[in-house]
Amino acid sequence: MSKKNIIVVGGGLSGLMATIKICEAGGEVKLFSYCPVKRSHSLCAQGGINACMNTKGQNDTTWEHFDDTVYGGDFLADQTAVKGMCETAPKLIKMFDRMGVPFTRTAEGALDLRNFGGQKNKRTVFAGSTTGQQLLYALDEQVRKWEVKGKVNKYEFWEFIKIIKNDKKVCRGIVAQNMNSMEIEAFRADAVILATGGPGVIFGRCTASTICNGSAVSAVYQQGAEIGNSEFIQIHPTAIPGSDKNRLMSEACRGEGGRIWTYKDGKPWYFLETMYPAYGNLVPRDIAARAIYDVCVNQGLGINGENRVYLDLSHIPAEYLERKLGGILEMYSEFVGDDPRKVPMQIYPSVHYSMGGIWVDTKHNTSIPALLASGECDYQYHGANRLGANSLLSAAYSGTISGPEAIRWSESDDIGDELTDEQLAAAKQECVDEFENIINMNGKENAHKLHHELGDLMNRYCTIVRVNKELDFCMGELKKILARWSDIGVNDKGHWANQEAMFVRQLRNMILYAMVICKAARMRDESRGAHYKPEFPNRDDEKFLKTTIASYDPETHEPKITYREFDHSLIKPRPRRYDVAKGGK
Amino acid sequence: MSEQKTVHFIIERQDSPDSKPYTEEFLVPYRPALNVVAALMEIQKNPVTKDGKKTTPVVWECNCLEKVCGACMMVINGKARQACATLVDHVPQPIHLAPARTFPVIRDLQIDRSVMFESLKRIQGWIEIDGSWEVNTAPIQNPYTAATAYEIAHCMTCGCCLEACPNVGPQSDFIGPAPTVQAYLFNLHPFGKFDKEKRLNSLMEKGGITSCGNSQNCVQVCPKNIKLTTYLAQLNRDVNKQALKNIFDK
Ligand SMILES: Cc1cc2nc3c(=O)[nH]c(=O)nc-3n(C[C@H](O)[C@H](O)[C@H](O)COP(=O)(O)OP(=O)(O)OC[C@H]3O[C@@H](n4cnc5c(N)ncnc54)[C@H](O)[C@@H]3O)c2cc1C
């Protein structure tokens, strides 16, 4: 038997979890990442990770977690997949605890739990306000152990460019580029897992890291992988608007008692509490974001007439705030200059998370054999809207599925022959030629300015409120931006750490992905979860209780949109409301 | 048109690891709450020097822009710090940017910190678990000890403390405050403790804790306010005790 040789692209929570599972099954991993995996975007997660620990006397059950997730996702998530995730969640927390994650504890030393949006029970395990950092570090440490044992080879500061298929159209390798030496190399594998995270940077400013560009997803989409539910982009209600990025103020602020308000008739108006008495400030993100948008844009009641409202913690004792939210309060003081323990913070919604992504089955297989996807880059688990603290869970959980499934591929006869030397050389040469063409671009456009325009466009038309006429316009503009991409001029002609040329390659992928988001939004004539169209204000289960599938058309560079049935057999769809308590199961 | 307010940057650049450094100056349009990374992004959009010369965009490393990933550490007006969390309003102009030369320079402000990750291997910076499968429930932990662990676990391997430490550099093989103090973190854990001796022994070897000169620079620059010197002192005691024990156990 040959060695089980898996390539994992991405060292966030999902890629690292998959890597550990592969090593435990006797496999070997080549792990690719833009950055040292310890610096992956997962560390931005602040609030926590959901798991039914049931240690707060609330009779919480995994079924309730399952139901909250399906309901919160407006019934668009594959229910068998979600059920598996919710049932495994408590075991994952115990694993993280054994790995040494410094979770916040109760006085008796047990794991503490906090409230999060869209859930009535305390179900969110957390490490202060830096949960993602602590979870990522724990997996990073375990992977380092496997690295010492020689089972993991890290390719950090390498950019994934594309996959390579064999004669049977099975994915058996990748092409990647060293970000310092610029050398482009082709690699063989038995199977490939993409765990490359979300596409937030397509929107310019968002709450994500600068490396969350969706470029890898777009690359495999152009090679035949389908994208699912791409129109569902989560807008987080509470972020600090910024010109370089919007910095998130965790939902934990509301979970710990934070209140949202603005002035109306000279008096504070706690509008979420008035509009949604059952959940109040703890309504899910899509609901809160839309309410803030409505109050600012339609009613003109933002602070000083600007697009901002207050997120207020100043009524909560400072010592309590320090222990539960210290990290992010410090961040607010540092980047804004005000002390949120004393004065209310000023926030506005921002692009935050993509529910959609590469289409996968419940084993995380994409539509290309032996190519798997897990973590935020896949479309699974969250349907039309993700509940807070469910994505650290889905990222970690999906890695426990994709890793073993990749091992299964490596032991199967279905993967056919490994790539020949000629196939590797040809794939590499294509990428070398493409890169040389980019370096030689001498047009008028600046890639970073063009990206800025792309972000403005996507932010204006493809976020909180969507209107068909405007989406048509947006699609037209995206095509123009794609055409202008060819007229970019590259300033840096060198072959050493040329970030500019790499960015130009990423930008083209981002534009093509933006078209997928825009077109999918245009086609879905209903309102569901994060996707809201005033022209079609209701959910339309008859037509749209289906997964949106986008596949790339190489002729037009545009997506073809179709719809696919999915598994919603366990919980019957019911209306989703947060003004009254969630009704029966 | 009225004069637009600008921010003046003097940036130490270097094209490759072996080439000679040089400086270039830039004027970036001012706006409130502008930070150093946002200013470098402006230079990407318009890579033209103060004197109107077209140049290549400045190369640096960044990811999160929230001071948690550790990527954008550089020397700003002589002090090692995170560029994303440095607001131009808070530092005097002209603002000097330079790479942290304790580490090999890759290009411009981008440096190679792989040595720090290697040191984490040396101190066995992980908890030895049997596997990711179900075993036992992890033990209850004293919440006060857990709070200390949480503090140290914020270390983002940014390298500020190595840049500031007079004992890290070609003259010494000290692995530096950050990786050393990580050993203390793992020794606090209920079963991380089981490998305490291994970690302490690794710190007795060359470049270990005896190379710390107690200059106290590290604690002043740590962007996460980790009480590095406190834990270094504690570790020093632990290492000495272990050394005695090693002698008696011979
Ligand atoms: C500010 C913020 C706060 C959040 N808070 C929470 C929270 O409290 N609870 C919660 O559950 N979720 C939260 N989330 C969401 C959650 O953090 C992410 O969805 C999750 O961490 C994604 O993990 P991942 O493993 O899929 O990807 P990531 O952690 O994004 O990792 C992606 C990896 O892929 C690599 N990569 C990407 N493209 C390439 C390429 N082309 N070549 C090579 N490598 C590549 C990157 O280097 C990186 O290693 C938050 C998100 C944000 C933005």
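Bear in mind that the values here come from a model prediction, so they are computed numbers and not experimental data.

K.L.:
So what about the overall build of chain A? Which residues, and what values?
P.N.:
A tally of regular secondary structure across chain A gives 15 helices and 21 strands. A globule of 585 residues ought to have a C-alpha radius of gyration of about 25 Å, and chain A, at 23 Å, matches this closely. When its C-alpha atoms are laid out on the principal axes, chain A stretches across 70 × 55 × 50 Å. For chain A, with 585 residues in total, the buried portion stands at 66%. Put simply, 72% of the contacts in chain A that link residues at least 6 apart link residues at least 24 apart. Treating the 72 positive side-chain charges of chain A as one cloud and the 74 negative ones as another, the clouds have centres 3 Å apart.

K.L.:
Talk me through the overall build of chain B; I want residue IDs and the actual numbers.
P.N.:
Helix and strand content of chain B: 8 helices and 9 strands. When contacts within chain B are restricted to residue pairs at least 6 apart in sequence, long-range pairs at least 24 apart make up 62% of them.

K.L.:
Requested: an account of empty space enclosed by the protein, with residues and values cited.
P.N.:
Evaluation of the coordinates by the stated rule reveals 12 cavities of 30 Å³ or more. Gly100 and Pro102 of chain A together with Ala149, Ala153 and Leu185 of chain B are the residues nearest the centre of the second largest cavity, which is lined by 19 residues in total. Within the lining of the second largest cavity, the residues separate by chemical class into 11 nonpolar, 6 polar and 2 charged.

K.L.:
I'd like a rundown of unusual backbone geometry, residues and numbers included.
P.N.:
Peptide bonds are trans in most cases, and residues, glycine excluded, mostly fall at negative phi. The omega torsion of the bond from glutamine 93 of chain B to proline 94 of chain B falls at -5°, within 30 degrees of zero and hence cis. Of note, proline 94 of chain B is situated in the loop between strand E4 (79-82) and strand E5 (95-98). Here asparagine 54 of chain A, not a glycine, exhibits a phi torsion of approximately 50°, which is positive. Locating asparagine 54 of chain A in the fold gives a position in the loop between strand E3 (49-50) and helix H2 (62-72). Look at asparagine 54 of chain A and you get partly exposed, because its relative accessible area is 36%. With a phi angle near 45°, asparagine 77 of chain B is a residue other than glycine that sits in the positive phi range. By secondary structure assignment, the location of asparagine 77 of chain B is in the loop between strand E3 (73-76) and E4. Take asparagine 77 of chain B: its relative accessible area is 29%, and that puts it in the partly exposed class.

K.L.:
An account of the sheet that holds strand E15 (residues 267-269) of chain A is needed here, citing residue identities and associated values.
P.N.:
Strand pairing in a sheet takes place through backbone hydrogen bonds and is either antiparallel or parallel in direction. Residues and elements named next belong to chain A. The antiparallel open sheet is built from 6 strands, whose spatial order is E13-E12-E17-E16-E14-E15. Only two strands of the sheet have a single neighbouring strand rather than two, namely strand E13 (247-248) and E15. Relative to strand E17 (residues 345-354), strand E16 (residues 309-312) runs antiparallel, the two being bridged by 3 bridges. The partner of tyrosine 310 across the bridge, within E17, is glutamine 346.

K.L.:
Outline the packing of helix H2 (residues 114-122) of chain B against helix H5 (residues 177-188) of chain B, supporting the account with residue identities and numerical values.
P.N.:
Residue and element names in this part refer to chain B. The geometry of H2 relative to H5 is characterised by a closest axis approach of 9 Å and an angle of 25° between their N-to-C directions. Between H2 and H5, the angle falls in the class roughly parallel. Where H2 crosses over H5, the handedness of that crossing is right-handed. Contacts from Met116, Ser119 and Leu120 of H2 reach H5 at Ala178, Pro179 and Gln182. Classifying every residue of the contact of H2 with H5 gives 4 nonpolar, 2 polar and no charged.

K.L.:
Which residues make up the site of the ligand, and what values go with them?
P.N.:
Residue and element names in this part refer to chain A. The immediate surroundings of the ligand are formed by 39 residues, with Ser40, Ser42, Glu376, Ser391 and Leu392 found nearest. Contacts to the ligand include serine 14, whose backbone N or O atom sits 2.9 Å from an oxygen atom. Here an oxygen atom of the ligand and a side-chain polar atom of glutamate 376 are 2.7 Å apart. Alone, the ligand offers 1000 Å² of accessible surface; in the complex the protein occludes 99% of this. The set of elements that each furnish at least two residues to the shell around the ligand consists of helix H1 (13-24), strand E2 (28-33), strand E7 (158-165), E17 and helix H10 (391-410). Tallied by class, the residues present in the shell around the ligand amount to 18 nonpolar, 18 polar and 3 charged.

K.L.:
Give a detailed account of the side chain of glutamine 234 of chain A, specifying residues and quantitative values.
P.N.:
Residue and element names in this part refer to chain A. Looking at the element boundaries, glutamine 234 is found in strand E12 (residues 233-240). Within the local environment of glutamine 234, its side chain forms a polar contact with the side chain of asparagine 385, the two groups lying 3.0 Å apart. Sequence-distant contacts of glutamine 234, that is, excluding residues within four places in its chain, are made with Arg285, Ser350, Val351, His352, Tyr353, Met355, Asn385, Arg386 and Ala530.

K.L.:
Go over the interface of chain B and chain A, please, and point to the residues and values.
P.N.:
Facing 71 residues of chain B, the contacting portion of chain A comprises 64 residues. Taken together, the two surfaces of chain B and chain A that pack against each other cover about 5700 Å², and 52% of this comes from carbon and sulfur. Counting every contact that joins chain B to chain A gives 7 salt bridges. For glutamate 61 of chain B, the salt bridge identified is with arginine 39 of chain A, shortest N-O distance 3.9 Å. At the junction of chain B and chain A, the tally comes to 38 residue pairs in polar contact (both at pLDDT 80 or more). Of all the secondary structure elements, the ones that give two or more residues to the side of chain B that touches chain A are helix H1 (36-45), strand E6 (105-107), H2 and helix H3 (143-152) of chain B. Among the residues making up the side of chain B that touches chain A, the classes are represented as 40 nonpolar, 18 polar and 13 charged.

K.L.:
Explain a nonpolar patch on the surface to me, and be specific about the residues and the numbers.
P.N.:
On the surface, a cluster of nonpolar side chains totalling about 380 Å² of accessible area is made up of Leu244, Ile247 and Phe248 of chain B. The topology assignment puts leucine 244 of chain B in helix H8 (residues 228-249).

K.L.:
Talk me through the nonpolar core; I want residue IDs and the actual numbers.
P.N.:
Residues and elements named next belong to chain A. One finds Phe96 and Leu139 to be the most contacted residues of the largest nonpolar core, which totals 106 residues. When residues in this core are grouped by element, the largest group, 9 residues, is from H10. Each residue touching phenylalanine 96, except ones within four places of it in the same chain, is listed here: Ile49, Val101, Phe103, Leu135, Leu139 and Ala396. Counting residues in each nonpolar core, the second largest holds 96 residues, with Ile211, Ile368, Phe503 and Ile517 among its members.

K.L.:
Before we move on, could you go through the packing of H5 of chain B against H8 of chain B and cite the residues and values that matter?
P.N.:
Residues and elements named next belong to chain B. Closest axis-to-axis distance for the H5/H8 pair is 9 Å, and the angle between their directions is 60°. Here H8 runs oblique to H5, going by the angle between their axes. Judged by the twist between their axes, the crossing of H5 over H8 is left-handed. Residues Pro177, Thr180, Val181 and Tyr184 of H5 lie in contact with H8, whose contacting residues are Leu228, Tyr231, Leu232, Gln234, Leu235 and Asp238.

K.L.:
An account of the UniProt feature "active site" (unreviewed entry) in chain A is needed here, citing residue identities and associated values.
P.N.:
Residue and element names in this part refer to chain A. Here, the residues flagged by UniProt with the feature "active site" (unreviewed entry) are Arg285. For arginine 285, a relative accessible area of 5% translates into the label buried. Not counting the four nearest positions on each side in its chain, arginine 285 is found in contact with Phe116, Gln234, Ile235, His236, Pro237, Glu251, Arg254, His352, Asn385, Arg386, Gly388 and Ala389. For arginine 285, the side chain forms a polar contact with the side chain of glutamate 251, separated by 2.5 Å.

K.L.:
Got a sec to walk through the pattern of salt bridges? Specific residues and values, please.
P.N.:
Residue and element names in this part refer to chain A. One pass over the structure, following the stated rule, counts 68 salt bridges over all chains. With a shortest N-O distance of 2.9 Å, aspartate 525 and lysine 533 are connected by a salt bridge. With a relative accessible area of 0%, lysine 533 lands in the buried category. Through salt bridges with shared partners, a single network forms among Asp74, Glu231, Asp286, Arg290, Arg524, Glu526, Arg528, Arg539, Asp541 and Arg576.

K.L.:
How would you explain the environment of cysteine 62 of chain B if you had to name every residue and give the values?
P.N.:
Along the chain, cysteine 62 of chain B turns up in the loop between H1 and E3. Residue classification places cysteine 62 of chain B among the buried positions, given a relative accessible area of 13%. Distance in space between the C-alpha atoms of cysteine 62 of chain B and cysteine 84 of chain B is 8.1 Å, their sequence separation being 22 residues. Residues in contact with cysteine 62 of chain B, not counting those within four places in the same chain, are Thr210 of chain A together with Val37, Ala71 and Cys72 of chain B.

K.L.:
Tell me about H3 of chain B, and please be specific about residues and values.
P.N.:
Turning to H3 of chain B, its buried residues number three or more, namely Ala146, Ala149, Tyr150, Glu151 and Ile152 of chain B. In the core, the buried residues of H3 of chain B are packed alongside helix H4 (131-148) of chain A together with H5 and H8 of chain B. Where H3 of chain B starts, the residue carrying a side-chain oxygen 2.7 Å from the main-chain nitrogen of tyrosine 144 of chain B turns out to be asparagine 142 of chain B.

Rules and cut-offs
- Residue numbers here run from 1 along each chain, matching the order of that chain's written sequence.
- Throughout, the order in which chains and ligands are written sets their labels, letters from A for the former and numbers from 1 for the latter.
- In keeping with the model being predicted, local features are shown solely for residues with a pLDDT of at least 70 and side-chain atom pairs are shown and tallied solely at 80 or more, while totals for entire chains, interfaces and linings include all residues.
- Think of the side-chain values as coming from all heavy atoms in the structure, minus any hydrogens and water.
- Every helix listed is a DSSP run of H or I at least four residues long, and every strand listed is a run of E at least two residues long, numbered separately from the N terminus.
- The globule rule used here is 2.2 Å times the number of residues to the 0.38 power, and the radius of gyration it is set against is calculated over C-alpha atoms.
- Each residue is placed in one exposure class: buried if its accessible area under a 1.4 Å probe, protein chains only, is under 20% of its type's maximum, exposed if it is over 50%, and partly exposed if it falls in between.
- Note on definitions: a residue-residue contact is assigned when non-hydrogen atoms from the two residues lie within 4.5 Å.
- In this tally Asp and Glu are treated as negative and Lys and Arg as positive; neither His nor the chain ends contributes.
- To locate a charge, take atom NZ for lysine, CZ for arginine, CG for aspartate or CD for glutamate.
- Think of a 1 Å grid over just the protein atoms. A cavity is a set of points where a 1.4 Å probe fits yet cannot get out, a pocket is an open set with protein on both sides within 12 Å along at least five of seven lines, and lining residues have an atom within 4 Å of a point.
- Grid points are joined across faces, edges and corners, and a volume is the space filled by probe spheres set on the points.
- Under the scheme applied here, ten amino acids are nonpolar (Ala, Val, Leu, Ile, Met, Phe, Trp, Tyr, Cys and Pro), four are charged (Asp, Glu, Lys and Arg), and all others, including Gly, are polar.
- Being paired, for any two strands, means DSSP has found at least two bridges between them.
- What counts as an axis is a line fitted to C-alpha atoms, over the stretch in contact for a helix, and the angles between N-to-C directions run from 0 to 180 degrees.
- Orientation labels follow simple angle bins: below 35 degrees gives roughly parallel, above 145 gives roughly antiparallel, 65 to 115 gives roughly perpendicular, and whatever is left gives oblique.
- Here is the rule for handedness: rotate from the far helix to the near one, and if that takes an anticlockwise turn smaller than a right angle the crossing is left-handed, while a clockwise turn gives right-handed.
- Here, proximity means that at least one heavy atom of the residue falls within 4 Å of the molecule or strand.
- Polar contact is the term for a pair of N or O atoms within 3.5 Å; when the atoms are in protein, one must be able to donate a hydrogen and the other to accept it, and sequence-neighboring residues count only if both atoms are side-chain atoms.
- Working definition of accessibility: Shrake-Rupley area with a 1.4 Å probe, residue cover restricted to the visible protein chains.
- When two components associate, each loses some accessible surface as probed by a 1.4 Å sphere; the sum of these losses over both components is called the buried area.
- For this analysis, a salt bridge means a side-chain nitrogen from Lys or Arg found within 4 Å of a carboxyl oxygen belonging to Asp or Glu.
- Residues qualify for a patch when their relative accessible area is over 30% and they have no salt bridge, like charges being joined within 9 Å and the nonpolar side chains of Val, Leu, Ile, Met, Phe, Trp and Tyr within 5 Å.
- To qualify as a nonpolar core, a set must consist of buried Ala, Val, Leu, Ile, Met, Phe, Trp, Tyr and Cys residues joined through side-chain atoms within 4.5 Å.
- UniProt positions are given in the numbering used here, feature names are shortened, and annotations may be inferred rather than shown by experiment.

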